[in-house]
Amino acid sequence: MRDVTTAHPVQDLDVQPTPLALLLLGRDADPRSERGVECPGDLPSPSDPDLVARARAAKEKLGEKVFVLGHHYQRDEVIQFADVTGDSFKLARDAAARPEAEYIVFCGVHFMAESADILTTDDQKVVLPDLAAGCSMADMATAEQVAECWDVLTEAGVAEQVVPVSYMNSSADIKAFTGRHGGTICTSSNAKRALEWAFEQGDKVLFLPDQHLGRNTAVREMGMSLEDCVLYNPHKPNGGLTAEELRNAKMILWRGHCSVHGRFSVDSVNDVRERIPGVNVLVHPECKHEVVAAADYVGSTEYIIKALEAAPAGSKWAIGTELNLVRRLANRFAPEGKEIVFLDKTVCFCSTMNRIDLPHLVWTLESLAEGKQVNRIVVDPETEKYAKLALERMLALP
């Protein structure tokens, strides 16, 4: 068991504290959590006008020894150096398909780098330019909390009927828990298939850690009712649920959410419709259920990109996902006459994803080019074994 500083439970506020709530990002944190530790050494100044040239030179020196992955939510200054771009699972698979690359530099967040380490060979080294680039959603479900939840399900007499399904946006520990208990991983693209498979194995699903993706998939795509879903709050005794509620539920949703997608509201949708007549509202399934219900289209990051690629010239779109991606798509499709705006008036980047900036990337590439191994992400063999089992179950889905 790891040594974790735990915040006192907050039961009456609609706020979910993290297990490391009082620790500053990047300092004095548990290195196995999504909040990492600060990078050793000095970073280049962000105002250094030679950063782009330095990154190019270091990457060229490394040649095929390095493979740079860039998540869609990364800023443009980082994306320009990515060999491939995509969502978290696509990038992890791309890394596994490049066994000749000694270093996999993952410009994303901690859980993504863990997945890449699980899927790549032992000879490959996965590097995260800033170890403090974590994910607040992944932090909302720790191994200790989920183990306690399973005890609650056992005491309620339902554990044998429950199949865990964990979103890709979870730590390696949670993926391993899922593998040990006969469950599978899902992405926002294949969540329906994963749930269909799970209900063939058991009567109930424990969906981790994003409540909104679980609820939206169950209700919108599988015909369940909101009453079929209950919300397990790890900061309340017994998850805030009675044994009867657990016995009656089909979907046991973990009380987690994405800090970016969770900010969109029905007011955002109504406001953009008033401001831009004829606008198409397209949102990610990590958004709240009422927002998804008010939107015209709902889909994963890849779905959003493909929908805009196929959209007719002159069409208008309001997108409910991370701002870096929305801005990049707006610039990309502007020459085609497509008007693309951010769904919310308030600017909101993924703050932890944005910790991967050009100074951190330059420091990483230059260190590797000098033969210095930095910020390697390593998943221990036992955790890797069961996390990989859960991932392989997902890969085997029809």
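What you see is a predicted model, and the numbers here were worked out from it, not measured in a lab.

Trainee: Describe the overall build of the protein chain, with residues and values.
Mentor: Within the protein chain, the secondary structure is distributed over 16 helices and 13 strands. Every one of the 398 residues in the protein chain was classed for burial, and the buried ones make up 59%. If you take every contact in the protein chain between residues at least 6 apart in sequence, the share linking residues at least 24 apart comes to 68%. Accessible surface computed for the protein chain: about 16,800 Å², of which carbon and sulfur atoms make up 48%.

Trainee: Describe the nonpolar core, naming the residues involved and giving the relevant values.
Mentor: Across soluble globular proteins, nonpolar side chains show a tendency to be buried alongside one another. Within the largest apolar cluster, 109 residues are counted, with the highest numbers of intra-cluster contacts made by Val105, Phe207, Met251, Val283, Ile340 and Leu365. If one sorts the elements of this core by residue count, helix H15 (residues 358-369) sits on top with 7 residues. Residues in contact with Leu365, not counting those within four places in the same chain, are Ala55, Ala58, Lys59, Leu62, Val66, Val68 and Val105. Of all hydrophobic cores here, the second largest spans 21 residues; its members include Ala159, Leu206, Val230 and Ile252.

Trainee: Describe in detail the confidence of the model for the protein chain, supporting the description with residues and values.
Mentor: In this model, the protein chain carries an average pLDDT of 89, and 88% of its residues clear a pLDDT of 70 or more. Confidence over residues 1-39 falls short of pLDDT 50; this stretch has 89 contacts with residues more than four positions distant or in other chains.

Trainee: I'd like a description of the pairing of strand S10 (residues 280-283), backed by residues and values.
Mentor: Burial along S10 is two-sided: Asn280 and Leu282 facing one way and Val281 and Val283 facing the other are all buried. In this sheet, strand S12 (residues 316-320) lies alongside S10 in parallel orientation, the contact comprising 4 bridges. When the sheet's bridge partners are listed, Asn280 is paired in S12 with Trp317. Strand direction decides the pairing type here: S10 and strand S11 (residues 297-298), joined by 2 bridges, are parallel. Following the sheet pairing, Val283 is matched in S11 by Val298. Where the polypeptide runs from S10 across helix H12 (residues 289-294) and back to S11, its parallel neighbour, the crossover connection is right-handed.

Trainee: Describe H15, listing the residues and the values that go with them.
Mentor: Spanning 12 residues, H15 covers 16 Å between terminal C-alpha atoms, matching the ideal 16 Å at 1.5 Å per step. Three or more residues of H15 are buried, namely Leu358, Pro359, His360, Leu361, Val362, Trp363, Thr364, Leu365, Glu366, Ser367, Leu368 and Ala369. Elements that come into contact with the buried residues of H15 comprise helix H1 (51-62), strand S1 (66-71), helix H2 (76-79), strand S3 (103-107) and strand S4 (125-127). Positive phi shows up at Gly371, right after H15, with a value of about 85°.

Trainee: Could you give me a rundown of the environment of Ala172, with the residues and numbers involved?
Mentor: Residue position: Ala172 is located in helix H7 (residues 172-180). The class for Ala172 is buried, based on a relative accessible area of 3%. On a C-alpha basis, the gap between Ala172 and Ala143 in space is 9.3 Å, while along the polypeptide they are 29 residues apart. Sequence-distant contacts of Ala172, that is, excluding residues within four places in its chain, are made with Glu114, Ile118, Val379, Thr383 and Ala387.

Trainee: Tell me what's going on with the environment of Pro381, and back it up with residues and numbers.
Mentor: Mapped onto the fold, Pro381 is located in helix H16 (residues 381-395). Through-space distance from the C-alpha of Pro381 to that of Ile118 is 9.1 Å; in sequence the pair is 263 residues apart.

Trainee: Break down unusual backbone geometry for me, citing the residues and quoting the values.
Mentor: Of the consecutive residues Leu208 and Pro209, the connecting peptide bond is found in the cis state with omega at -20°. Mapped onto the elements of the fold, Pro209 is located in the loop between strand S7 (204-208) and helix H9 (211-221). The backbone phi angle of Asn238 is positive, close to 55°, even though this residue is not glycine. Structurally, Asn238 can be placed in the loop between strand S8 (229-232) and helix H10 (243-248). Even without being a glycine, Asn375 presents a positive backbone phi close to 50°. With respect to the helices, strands and loops of the structure, Asn375 is situated in the loop between H15 and H16. The class of Asn375 is buried, set by a relative accessible area of 8%.

Trainee: Tell me what's going on with the sheet that holds strand S6 (residues 184-186), and back it up with residues and numbers.
Mentor: The strand order across the open sheet built from 5 strands is S6-S5-S7-S9-S8, with neighbouring strands paired in parallel fashion. Here the strands that pair on one side only, and so sit at the sheet edges, are S6 and S8. Each neighbouring strand pair of the sheet contributes to a mean axis angle of 25°, computed without reference to strand direction. Bridge count for S8 against strand S9 (residues 251-254) is 4 bridges, and the pairing is parallel. The partner of Leu231 across the bridge, within S9, is Leu253. Strands strand S5 (162-167), S6 and S7 of the sheet are contacted by H7, whose axis makes an angle of about 150° with S5.

Trainee: Give me the sheet that holds strand S2 (residues 84-86): which residues, what numbers.
Mentor: Taken in spatial order, the 4 strands line up as S2-S1-S3-S4 in an open sheet, and their pairing is parallel. Two strands in the sheet have a free side with no partner beyond their single neighbour: S2 and S4. Strand-to-strand twist across the sheet, computed as the mean angle between neighbouring axes with direction ignored, equals 25°. Bridge count between S1 and S2: 3 bridges; the pairing is parallel. Bridge pairing in S2 places Leu69 opposite Val84.

Each value, and the rule that gives it
- Residues numbered from 1 in each chain as written.
- Predicted model: local features only at pLDDT ≥ 70, side-chain atom pairs only at ≥ 80, totals over all residues.
- Heavy atoms only, no water.
- Helix = DSSP H or I, 4+ residues; strand = E, 2+ residues; numbered from the N terminus.
- Buried < 20%, exposed > 50% of the residue type's maximum accessible area, 1.4 Å probe, protein only.
- Contact = heavy atoms within 4.5 Å.
- Areas by Shrake-Rupley, 256 points an atom, 1.4 Å probe, with all protein chains shown as cover.
- Core = buried A, V, L, I, M, F, W, Y, C linked by side-chain atoms within 4.5 Å.
- pLDDT = per-residue confidence, 0-100.
- Pairing = 2+ DSSP bridges.
- Right-handed = clockwise from strand over helix to strand, strands pointing away.
- Expected span 1.5 Å × (residues − 1).
- Axes fitted to C-alpha atoms, helices over the stretch in contact; angles between N-to-C directions.

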